[in-house]
Protein chains: 8
Amino acid sequence: MSPTSTPSRPKVAVVYGSASDAATMSKAGATLGRFGVEFEEAVLSAHRAPRTLADWVDGLRDRGVAVVIAGAGLAAALPGTVAALTTLPVIGVPISGGALDGMDSLLAIAQMPPGVAVATVGLNNATNAAVLAVQILAVSDPDLAAKLATYKDDFEKAAADGLARAGASA
Amino acid sequence: MSPTSTPSRPKVAVVYGSASDAATMSKAGATLGRFGVEFEEAVLSAHRAPRTLADWVDGLRDRGVAVVIAGAGLAAALPGTVAALTTLPVIGVPISGGALDGMDSLLAIAQMPPGVAVATVGLNNATNAAVLAVQILAVSDPDLAAKLATYKDDFEKAAADGLARAGASA
Amino acid sequence: MSPTSTPSRPKVAVVYGSASDAATMSKAGATLGRFGVEFEEAVLSAHRAPRTLADWVDGLRDRGVAVVIAGAGLAAALPGTVAALTTLPVIGVPISGGALDGMDSLLAIAQMPPGVAVATVGLNNATNAAVLAVQILAVSDPDLAAKLATYKDDFEKAAADGLARAGASA
Amino acid sequence: MSPTSTPSRPKVAVVYGSASDAATMSKAGATLGRFGVEFEEAVLSAHRAPRTLADWVDGLRDRGVAVVIAGAGLAAALPGTVAALTTLPVIGVPISGGALDGMDSLLAIAQMPPGVAVATVGLNNATNAAVLAVQILAVSDPDLAAKLATYKDDFEKAAADGLARAGASA
Amino acid sequence: MSPTSTPSRPKVAVVYGSASDAATMSKAGATLGRFGVEFEEAVLSAHRAPRTLADWVDGLRDRGVAVVIAGAGLAAALPGTVAALTTLPVIGVPISGGALDGMDSLLAIAQMPPGVAVATVGLNNATNAAVLAVQILAVSDPDLAAKLATYKDDFEKAAADGLARAGASA
Amino acid sequence: MSPTSTPSRPKVAVVYGSASDAATMSKAGATLGRFGVEFEEAVLSAHRAPRTLADWVDGLRDRGVAVVIAGAGLAAALPGTVAALTTLPVIGVPISGGALDGMDSLLAIAQMPPGVAVATVGLNNATNAAVLAVQILAVSDPDLAAKLATYKDDFEKAAADGLARAGASA
Amino acid sequence: MSPTSTPSRPKVAVVYGSASDAATMSKAGATLGRFGVEFEEAVLSAHRAPRTLADWVDGLRDRGVAVVIAGAGLAAALPGTVAALTTLPVIGVPISGGALDGMDSLLAIAQMPPGVAVATVGLNNATNAAVLAVQILAVSDPDLAAKLATYKDDFEKAAADGLARAGASA
Amino acid sequence: MSPTSTPSRPKVAVVYGSASDAATMSKAGATLGRFGVEFEEAVLSAHRAPRTLADWVDGLRDRGVAVVIAGAGLAAALPGTVAALTTLPVIGVPISGGALDGMDSLLAIAQMPPGVAVATVGLNNATNAAVLAVQILAVSDPDLAAKLATYKDDFEKAAADGLARAGASA
């Protein structure tokens with residue numbers, strides 16, 4: 001955790017509470033990679049390893065992390081616990097693994113008390129957590145902002161192309 | 001936090017996340033007092049004061065605390081955070097202060113991951129948190145066990161008396 | 001109720017409402033066994049066999065039981081019915097077998113009236129019911145308390161090792 | 001259990017878990033009275049006074065009771081507990097007193113396991129519990145059946161009159 | 001539908017809204033058969049065939065029906081519609097076929113307005129609908145009442161036997 | 001109900017289940033009036049007055065009604081019952097009067113079986129029921145279509161004016 | 001998009017937010033086809049392609065569309081966005097694809113603000129969206145009205161035939 | 001909307017769907033002001049004024065806006081609609097004004113489709129929306145980052161002071 005490894009450009013940390021969340025959370029990494037944003041990844045439960053987690057959070061700025069993405073299921077304390085321990089923006093991904101289809105994790109992540117915020121995305125939507133992280137970095141990074149504009153334009157083009165094809169075949 | 005202050009008899013700690021929870025949580029103290037169980041009380045938010053909370057938890061055993069009662073609303077991380085940091089039994093009281101009538105706090109407290117448990121009671125039911133704390137202490141305290149037996153008998157007597165009066169007036 | 005059959009060390013009773021709950025509830029026994037805590041197990045429905053259940057509860061103390069773990073689904077009256085009939089601490093495990101994914105059993109177990117408490121754990125989380133039972137027994141059993149401390153430390157070590165391995169492979 | 005105290009006509013027992021339910025449950029008595037059906041009333045909590053409740057249930061047939069109406073809030077075990085202890089038809093009235101607006105009591109009363117049934121009516125709808133009790137008694141009582149037919153006809157007449165008046169004033 | 005086929009003993013009508021409900025509702029017939037209670041069965045949607053349903057309801061008393069069991073899913077209007085058209089007791093079975101796991105049908109059946117009652121049982125619990133129908137008929141039929149007492153005793157015996165076997169093998 | 005009173009232009013019928021719904025449903029009339037659309041109004045419960053309701057529905061076309069707006073609370077069968085009895089488009093307004101805040105009425109109105117549709121609007125949103133009725137009539141009425149375009153433009157203008165005023169005062 | 005392609009008879013547009021909704025939404029086309037109503041179909045996300053969607057909506061009237069059916073899952077903004085941009089009646093089909101079983105899409109479609117209405121049908125019930133569209137067109141199309149009457153009669157006949165067969169086999 | 005008014009430092013835009021949301025959303029401005037962050041405020045409904053809203057969004061970058069806070073109730077399309085039209089980070093505040101206590105707005109804001117993200121905060125929690133906006137701006141603004149550190153430290157100090165006072169008075 002020496003500061004010598006600090007990259008020249010801010011990066012994202014992706015953390016989740018259980019190895020069983022890895023598949024869902026891999027969508028975050030895939031989207032970050034698409035935008036050329038570096039990230040580190042860790043498996044850390046707020047409830048089972050609170051002290052290891054606190055140490056990991058303490059080192060975030062030294063490792064050049066500017067935004068944290070935290071995914072968790074059930075009581076889903078991870079995003080809020082990280083947000084309590086850092087001033088970096090924290091994006092929370094509720095995961096729907098238990099009997100209640102994720103309603104528990106959605107509420108546990110979104111309903112933070114005034115003063116400590118988590119940017120909550122939809123259930124299992126690690127893709128959007130990454131999009132949001134890119135948008136946050138793009139506030140001070142014109143290259144990323146341009147990539148985001150292209151990303152959005154591509155959606156419009158794909159939709160317009162779909163309409164054209166459907167019209168042609170009609 | 002020197003061990004010299006350890007009382008001869010185990011006591012209960014009552015903690016809650018916000019001063020606005022005090023009225024609801026005062027029912028815990030009232031019931032503990034009825035059973036002659038000592039307790040300490042603290043206002044500590046898991047999200048707003050995580051480091052102060054961790055220090056407070058670290059001193060629990062030195063202060064002679066054997067059971068923790070933790071009440072919180074909204075994302076309600078307090079009971080789980082305390083349970084993550086101690087091996088003492090932790091009783092969680094979900095509080096219904098926000099827009100969702102407490103469904104958020106109930107799920108955030110009950111749906112802990114395997115390995116770190118919180119003994120959840122009903123919404124705003126600080127009375128039952130105290131009853132549970134007394135039952136836990138009574139496992140190794142015959143006096144408390146006898147008081148609990150009387151407490152239960154009194155409910156039956158009151159009900160039987162009510163029936164008798166209703167019959168008499170019929 | 002003669003004390004002659006009392007074992008030297010308090011034990012746990014695990015009871016559930018239907019044979020179909022056995023697989024879920026077996027996690028309680030597995031965790032109790034890991035801590036060397038003895039337990040007895042019974043299948044008893046509060047609604048289908050109320051009188052047999054009442055007799056079983058009456059014998060708990062004679063059989064050396066100090067804590068009860070009760071699991072049930074649907075209207076899930078079992079934990080509350082046991083709690084109504086004994087002063088021992090009762091831990092309730094809501095089970096998600098029916099159409100409503102266990103929301104019915106969670107509420108039926110947690111929302112007890114003031115005066116009669118059930119220590120509710122998460123849906124299907126019989127592991128945590130056992131952890132809680134061990135924590136309760138550990139209040140007066142330093143050996144169990146030491147085992148719990150090790151149990152918690154192992155979680156931290158596993159998390160820290162995972163981080164180290166991830167860092168090494170990076 | 002001698003039959004000597006049996007009244008000439010079957011009656012209804014109205015029971016509820018707390019004195020705070022009395023206002024809601026009084027609608028049952030009002031409707032039973034309108035149909036000339038006798039009833040007795042008791043306040044008995046399944047969780048706080050299980051033994052007094054069991055005695056009360058044991059005496060129901062001797063007191064000439066043919067149908068039980070049981071109202072409760074929160075975990076709402078009363079209707080199911082009564083149904084577990086008698087073969088008489090039991091009608092359950094979920095009451096919406098707690099933080100969850102009665103969803104807890106509705107599920108706790110309706111979601112009984114196969115073999116032990118409760119006839120659940122809507123939240124706080126003690127009127128319909130009484131209507132149902134009258135319908136049950138009317139199966140073998142032509143007088144009550146005739147009164148029910150009139151009760152229904154009156155609804156139709158009131159509606160038709162309302163339409164006529166609205167038309168006249170148009 | 002001539003009145004000549006009226007049986008000497010009251011019977012039960014089982015109706016449901018869709019052929020896809022047949023498997024769930026067959027549990028009602030199985031339980032009625034176990035008690036020797038005759039029943040007729042019909043598939044009739046309140047929404048798709050309201051006039052055919054009204055005719056069917058009009059003939060219920062002529063066909064000797066004393067109790068109706070009505071099962072439906074989704075908006076589940078069938079039980080309430082039948083209850084609106086007859087003074088016979090109507091038992092509603094909510095069926096969990098759609099996306100919302102039956103919460104829609106449970107509320108649509110239970111939440112009737114004052115004056116028109118449906119005796120709601122748990123989701124898919126056609127067995128309990130039949131038990132309730134038998135309990136209703138047993139109010140004026142001592143043979144059925146005796147069978148119900150045996151039915152309940154058998155549950156207790158099975159539970160006690162299970163305990164004994166478990167104790168023997170311990 | 002003679003056909004001589006048929007107006008030259010189609011009108012809307014507004015019906016609701018209880019006089020207590022009148023205030024909520026009056027918003028429908030206010031909006032219809034704003035668009036110059038004639039309407040009739042009736043209070044008719046599907047559960048309490050099913051035969052009077054059926055007669056009323058039978059006369060709708062003769063009275064020149066082209067669209068029905070039906071509001072109801074609780075089990076809220078009214079919109080679906082009307083839709084079952086007519087081929088006219090039926091718009092349902094769920095009303096939030098009971099303990100469950102209208103979730104019951106929303107589901108009871110929206111979750112119709114395939115083949116019999118109700119156009120459901122938001123809770124208590126009788127205004128939108130009227131807007132929808134006007135939109136339906138406007139399909140074949142260019143005057144109404146023009147009024148709807150103005151109605152929408154007015155919203156945009158008000159919003160733009162608000163922005164302009166805020167900018168001017170900044 | 002030239003107005004020369006305007007058909008002589010109004011048609012329906014079916015639009016949905018994602019290709020994964022195609023199977024569910026195909027039921028709309030099947031039902032429209034059964035009634036001989038022409039329709040066009042498009043895949044357009046309100047969130048991913050808002051400008052392409054706005055252009056598509058702008059051309060609806062020119063293409064002879066009189067009613068729009070819009071299906072979407074999750075936050076389900078599509079129906080409301082279309083309704084915001086046109087004065088044509090818009091029918092919304094909530095689709096249950098995500099973790100919450102469609103409760104999110106149902107509320108997002110139904111709970112529109114006063115002034116902009118969506119005619120919401122049940123979850124995944126694209127059939128009913130088509131029935132509603134036909135009912136809307138039938139207000140000014142006697143042929144369609146006659147077909148709808150036959151459609152309804154066929155339901156009654158099928159139900160009556162089912163009863164007759166069941167009676168014959170009894 | 002000329003670019004000449006662009007401030008030297010990025011600012012925040014606060015927008016909400018209805019004037020009735022102003023009190024709730026004013027907490028965002030209060031918190032932004034505390035951190036010395038400039039902001040503009042607008043009332044714009046996504047459903048009632050979609051074209052005015054689109055124009056407003058088009059001008060955001062020219063006006064120097066770097067982050068948008070959007071609050072809405074009911075179907076709550078505003079945050080998602082803004083996110084669909086810009087690449088700036090959008091923070092959504094669900095508002096609990098209607099019958100469903102805000103569950104509708106929470107889901108409508110959080111459950112966005114992959115590719116278009118909204119950073120959702122808790123119900124009515126405009127304070128946290130502002131905290132999140134400050135955290136986003138602080139990624140590239142060391143002054144703001146320092147203020148955030150102080151903001152967090154103040155929470156810890158207040159909690160520690162509270163503990164000390166409680167201890168002193170004990």
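Residues numbered from 1 in each chain as written. Chains lettered and ligands numbered in written order. Predicted model: local features only at pLDDT ≥ 70, side-chain atom pairs only at ≥ 80, totals over all residues. Heavy atoms only, no water.

Considerations on the interface of chain A and chain H
Contacts between the two partners involve 40 residues from chain A and, on the opposite side, 40 residues from chain H. Taken over both partners, the interface formed by chain A and chain H buries close to 3,100 Å², and the fraction arising from carbon and sulfur atoms is 62%. Summed over the shared surface of chain A and chain H, the number is zero salt bridges. The interface formed by chain A and chain H holds 21 residue pairs in polar contact (both at pLDDT 80 or more) in total. Looking at the side of chain A that touches chain H, the elements with two or more residues in it are helix H3 (78-85), helix H4 (103-110), strand S5 (119-120), helix H5 (126-138) and helix H6 (142-169) of chain A. It is H5(A) that provides the largest number of residues to the side of chain A that touches chain H, a total of seven residues. Partitioning the side of chain A that touches chain H into residue classes produces 28 nonpolar, 11 polar and one charged. (Contact = heavy atoms within 4.5 Å. Buried area = accessible area lost by both parts, 1.4 Å probe. Salt bridge = Lys/Arg side-chain N within 4 Å of Asp/Glu carboxyl O. Polar contact = N/O pair within 3.5 Å; in protein donor to acceptor, adjacent residues only side chain to side chain. Helix = DSSP H or I, 4+ residues; strand = E, 2+ residues; numbered from the N terminus. Nonpolar A, V, L, I, M, F, W, Y, C, P; charged D, E, K, R; others polar.)

Here's the deal with the relation of the copies chain D and chain B
Between chain D and chain B, which share one sequence, the superposing operator has a rotation angle of 90° and an axial displacement of 0.1 Å; the RMSD is 0.0 Å. Accordingly, the operation relating the two chain copies is best matched by a four-fold axis. Taken together, the interface assignments show that only 9% of the residues at the interface of chain D recur at the interface of chain B, consistent with different surfaces on the two copies. (Least-squares fit on C-alpha atoms with pLDDT ≥ 70 in both.)

With respect to the pairing of strand S4 (residues 90-95) of chain F
Residues and elements named next belong to chain F. In terms of residue burial, S4 counts as a mostly covered element, since six of its six residues are buried. Here S4 shows a buried face lined by Val 90, Gly 92 and Pro 94 and a second buried face lined by Ile 91, Val 93 and Ile 95. For strand S3 (residues 65-73) and S4, the ladder comprises six bridges, and the chain directions are parallel. By the bridge assignment for S4, Ile 69 is matched with Ile 91. Handedness of the β-α-β unit built from S4, helix H4 (residues 103-110) and strand S5 (residues 119-120) comes out right-handed. (Buried < 20%, exposed > 50% of the residue type's maximum accessible area, 1.4 Å probe, protein only. Pairing = 2+ DSSP bridges. Right-handed = clockwise from strand over helix to strand, strands pointing away.)

What to know about the packing of aromatic side chains
For the coordinates displayed, the defined rule picks out 16 aromatic pairs over all chains. With centroids separated by 5.1 Å and ring planes inclined at 70°, the aromatic side chains of Tyr151(C) and Phe155(C) adopt a geometry described as edge-to-face. You can see Tyr151(C) and its partner Phe155(C) sitting in helix H6 (residues 142-169), four residues apart, about one turn around the helix. Owing to a relative accessible area of 23%, Phe155(C) belongs among the partly exposed residues under this scheme. Summarising the aromatic geometry, the rings of Phe35(H) and Tyr151(H) are spaced 5.0 Å apart at their centres and angled 65° between planes, so their arrangement reads as edge-to-face. With Phe35(H) in the loop between helix H1 (22-34) and strand S2 (39-43) and Tyr151(H) in helix H6 (residues 142-169), this pair connects stretches of sequence that are 116 residues apart. Chaining the aromatic ring pairs together yields one cluster made of Phe35(A), Tyr151(A) and Phe155(A). (Phe/Tyr/Trp six-rings, centres within 6.5 Å; stacked < 30°, edge-to-face > 60°.)

Looking at empty space enclosed by the protein
Taken as a whole and judged by the stated rule, the model has 14 cavities of 30 Å³ or more. Met103(B), Met103(C), Met103(D), Met103(E) and Met103(H) are, among the 35 residues lining the largest cavity, the residues nearest its centre. Contributions of two or more residues to the lining of the largest cavity are made by H4 of chain A, helix H4 (103-110) of chain B, helix H4 (103-110) of chain C, helix H4 (103-110) of chain D, H4 of chain F together with helix H4 (103-110) of chain G. Taken together, the residues of the lining of the largest cavity break down into 27 nonpolar, no polar and eight charged. (1 Å grid on protein atoms, 1.4 Å probe; cavity = no way out; pocket = protein on both sides within 12 Å on 5 of 7 lines; lining within 4 Å. Points joined across faces, edges and corners; volume = space filled by probe spheres on them.)

A few points about the UniProt feature "domain: PurE" (unreviewed entry) in chain A
The sites that carry the UniProt feature "domain: PurE" (unreviewed entry) are, in the present numbering, residues 10-159 of chain A. The annotated region residues 10-159 of chain A carries 46% helix and 19% strand content, and the separation between its end C-alpha atoms amounts to 33 Å. (UniProt positions renumbered as here; feature names shortened; annotations may be inferred.)

A few points about the interface of chain D and chain B
Interfaces are often sized by the amount of accessible area the parts lose when they come together. Facing the 11 residues of chain D at the interface are 12 residues of chain B. Summed over both partners, the interface of chain D with chain B buries about 910 Å², with 68% contributed by carbon and sulfur atoms. For the interface between chain D and chain B, the tally reads zero salt bridges. For the interface between chain D and chain B, the tally reads two residue pairs in polar contact (both at pLDDT 80 or more). With four residues, helix H2 (residues 50-58) of chain D is the largest single contributor of residues to the side of chain D that touches chain B.

Comments concerning helix H5 (residues 126-138) of chain H
Its 13 residues place the ends of H5(H) 18 Å apart at the C-alpha level, agreeing with the 18 Å of an ideal helix rising 1.5 Å per residue. Burial within H5(H) is extensive, with 13 of its 13 residues counted as buried. (Expected span 1.5 Å × (residues − 1).)

Observations concerning the relation of the copies chain A and chain H
Laying chain A over chain H is done by rotating through 180° and shifting 0.0 Å along the axis; what remains is an RMSD of 0.0 Å. Look at the turn and shift together and you get a two-fold axis relating the two. Both copies contact each other with a shared surface, as 100% of the interface residues of chain A are interface residues in chain H too.

Side note on the side chain of Asn124(H)
Relative to the elements of secondary structure, Asn124(H) occurs in the loop between strand S5 (119-120) and H5. With residues near it in sequence (within four places) discarded, Asn124(H) still touches Ala99(B), Thr24(H), Lys27(H), Val93(H), Pro94(H), Ile95(H) and Ser96(H).

Let's talk about the packing of helix H1 (residues 22-34) of chain B against helix H5 (residues 126-138) of chain B
Residue and element names in this part refer to chain B. The geometry of H1 relative to H5 is characterised by a closest axis approach of 7 Å and an angle of 35° between their N-to-C directions. Note that H1 runs across H5; the crossing there is right-handed. Residues Thr 24, Met 25, Lys 27, Ala 28, Thr 31 and Leu 32 of H1 form the contact with H5, whose own contacting residues are Ala 126, Thr 127, Ala 130, Val 131, Ala 133 and Val 134. Considered class by class, the residues forming the contact of H1 with H5 number eight nonpolar, three polar and one charged. (Axes fitted to C-alpha atoms, helices over the stretch in contact; angles between N-to-C directions. Left-handed = near helix turned anticlockwise from the far one by under 90°.)

Some points on the pattern of salt bridges
When the charged atoms of two side chains with opposite charge come close together, those side chains can pair. All names here are of chain A. Scanning the model with the defined rule gives 24 salt bridges over all chains in all. The partner of Lys 11 in a salt bridge is Glu 40, and the shortest N-O contact between them spans 3.8 Å. Of this pair, Lys 11 sits in strand S1 (residues 11-16) while Glu 40 is found in strand S2 (residues 39-43), placing the two residues 29 residues apart along the sequence. When sorted by exposure, Lys 11 lands in the same class as Glu 40, which is buried.

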